[in-house]
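Structural description and commentary
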Amino acid sequence: MNRIRQVAALQMPAWPQILGWTWGMVAVAFGINLLSVMANYDPGDGVTNTGGLVSLCGVAIGMATVSVTQIFPYALGMSVTRREFYLAWSLLAFVQSVLYALVLCLLRAVEQATGYWGWGMRFFGLPFMDDANPVLLLLGYAVPMLVVTHLGILLGTLYLRWGTTGVLASLTLTFTALGLAATLITWSRQWHAIGRWLLDQSPTALLAGWPVLVAAAFAVGGYRLIRRATA
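Residues numbered from 1 in each chain as written. Predicted model: local features only at pLDDT ≥ 70, side-chain atom pairs only at ≥ 80, totals over all residues. Heavy atoms only, no water.

Details of the overall build of the protein
Along the protein, the regular secondary structure elements total eight helices and two strands. Dimensions of the protein, computed from C-alpha atoms along their principal axes, come out at roughly 60 × 45 × 30 Å. Long-range pairs, those at least 24 residues apart, make up 79% of the contacts in the protein between residues at least 6 apart in sequence. With the model as given, the accessible surface of the protein reaches about 13100 Å², and the carbon-plus-sulfur share is 69%. Charge centroids of the protein, computed over 12 positive and 7 negative side chains, lie 26 Å from each other. (Helix = DSSP H or I, 4+ residues; strand = E, 2+ residues; numbered from the N terminus. Contact = heavy atoms within 4.5 Å. Areas by Shrake-Rupley, 256 points an atom, 1.4 Å probe, with all protein chains shown as cover. Lys, Arg positive; Asp, Glu negative; His and termini not counted. Charge placed at Lys NZ, Arg CZ, Asp CG, Glu CD.)

Quick look at the structure:
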């Protein structure tokens, strides 16, 4: 475990930039959304849900991908094994997800205390988490962040293994498969059944249960790829 922490420390010099760019982009997205809401504000409209947290997820994916691709060659030169590197980055993904979740919980509390920033704009909160207990709320932020961070790591390992062609080919195959699946569901008229199944799931399963399985799948895929990656 000490060795894993030492390898994880290789990323520490980059953390100011990672945090700065991540939350800087979130701040820009927040400002743009606030200006948009202010321009069309009507007190009778209630609370406007912006979906602004997507910006945080997008930046987290990009930062994880860049971090893996830039530091992996240096780590190999420092006699770090692929297993040590991947476990260290998985540990960092977990710590980062928990820290980000704590920040988001704090920002959500500020958002609610200020009457949604005085303009009825929900940016950091999620409408289906209004009645969530503190533990579920923390998990509801941390687990999806863990999913997107491991997705970024997976994309980074794809690049290390097969280069840009491998990343683009994988994304093309994934979007094609999703499109065909959506077409099949539409053709068989199963969207209603899927929606009913989702409504039958508990909040814990939706926010922390199923996403954990997705994160685990991404983590296993990334580990298998990095075992054969070259610098």
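What about the packing of aromatic side chains?
Think of a pair of aromatic rings as described by two things: how far the centres are apart, and how the planes are tilted against each other in angle. Counted under the stated rule, the structure contains 10 aromatic pairs. A centroid spacing of 6.2 Å and a plane angle of 65° characterise the contact between Trp117 and Phe124, whose relative ring orientation is edge-to-face. Each residue in the set Phe30, Trp117, Phe123 and Phe124 is aromatic and connected to the rest through ring pairs, giving one cluster. (Phe/Tyr/Trp six-rings, centres within 6.5 Å; stacked < 30°, edge-to-face > 60°.)

Focus: the UniProt feature "transmembrane region" (unreviewed entry) in the protein
UniProt records the feature "transmembrane region" (unreviewed entry) at residues 21-41, 53-74, 86-110, 135-160, 167-187 and 207-226, using the numbering of this structure. Structurally, residues 86-110 is divided into 100% helix and 0% strand, and its ends, taken at the C-alpha atoms, are 36 Å apart. Across residues 207-226 one finds 100% helix and 0% strand; the C-alpha atoms that close the span lie 28 Å apart. (UniProt positions renumbered as here; feature names shortened; annotations may be inferred.)

Here we look at the environment of Ala132
Structurally, the position occupied by Ala132 is in the loop between strand E2 (121-122) and helix H6 (134-187). With relative accessibility at 21%, the residue Ala132 sits in the partly exposed group. When the C-alpha atoms of Ala132 and Trp197 are compared, they prove to be 20 Å apart, with 65 residues separating the residues in sequence. (Buried < 20%, exposed > 50% of the residue type's maximum accessible area, 1.4 Å probe, protein only.)

What to know about the state of the cysteines
Tallying each qualifying case throughout the model produces zero disulfides. No disulfide involves Cys57; its nearest neighbouring cysteine sulfur is the one of Cys105, lying 14 Å away. (Disulfide = S-S within 2.5 Å.)

Some details on the pattern of salt bridges
A complete count under the given rule lists one salt bridge for this structure. Of the charged contacts in the structure, one is a salt bridge between Arg3 and Glu84, with a shortest N-O distance of 3.2 Å. On the criterion of sequence distance, the pair formed by Arg3 in helix H1 (residues 2-8) and Glu84 in helix H4 (residues 82-113) is long-range, its members being 81 residues apart. For Glu84, a relative accessible area of 16% gives the class buried. (Salt bridge = Lys/Arg side-chain N within 4 Å of Asp/Glu carboxyl O.)

Observations regarding the nonpolar core
The tendency in soluble globular proteins is for nonpolar side chains to be buried as a group. Among the nonpolar cores identified, the biggest contains 54 residues, and Phe85, Trp89, Phe123, Phe124, Tyr141 and Ile153 are the most heavily contacted of them. Per element, the largest residue contribution to this core is 14 residues, and it comes from H6. Contacts of Phe85, omitting those with residues within four sequence positions, involve Val7, Val68, Ile71, Phe72, Ala75, Val80 and Ile226. (Core = buried A, V, L, I, M, F, W, Y, C linked by side-chain atoms within 4.5 Å.)

What to know about the packing of helix H3 (residues 53-77) against H4
Between H3 and H4, the least distance of the axes is 11 Å, while the angle of their chain directions is 155°. Classified by the angle their axes make, H3 and H4 are roughly antiparallel. Handedness of the H3/H4 crossing: right-handed. Residue-level inspection shows Leu53, Leu56, Ser67, Val68, Ile71, Phe72, Ala75 and Leu76 of H3 in contact with H4, the latter providing Arg82, Phe85, Trp89, Tyr100 and Leu104. (Axes fitted to C-alpha atoms, helices over the stretch in contact; angles between N-to-C directions. Parallel < 35°, antiparallel > 145°, perpendicular 65-115°, else oblique. Left-handed = near helix turned anticlockwise from the far one by under 90°.)

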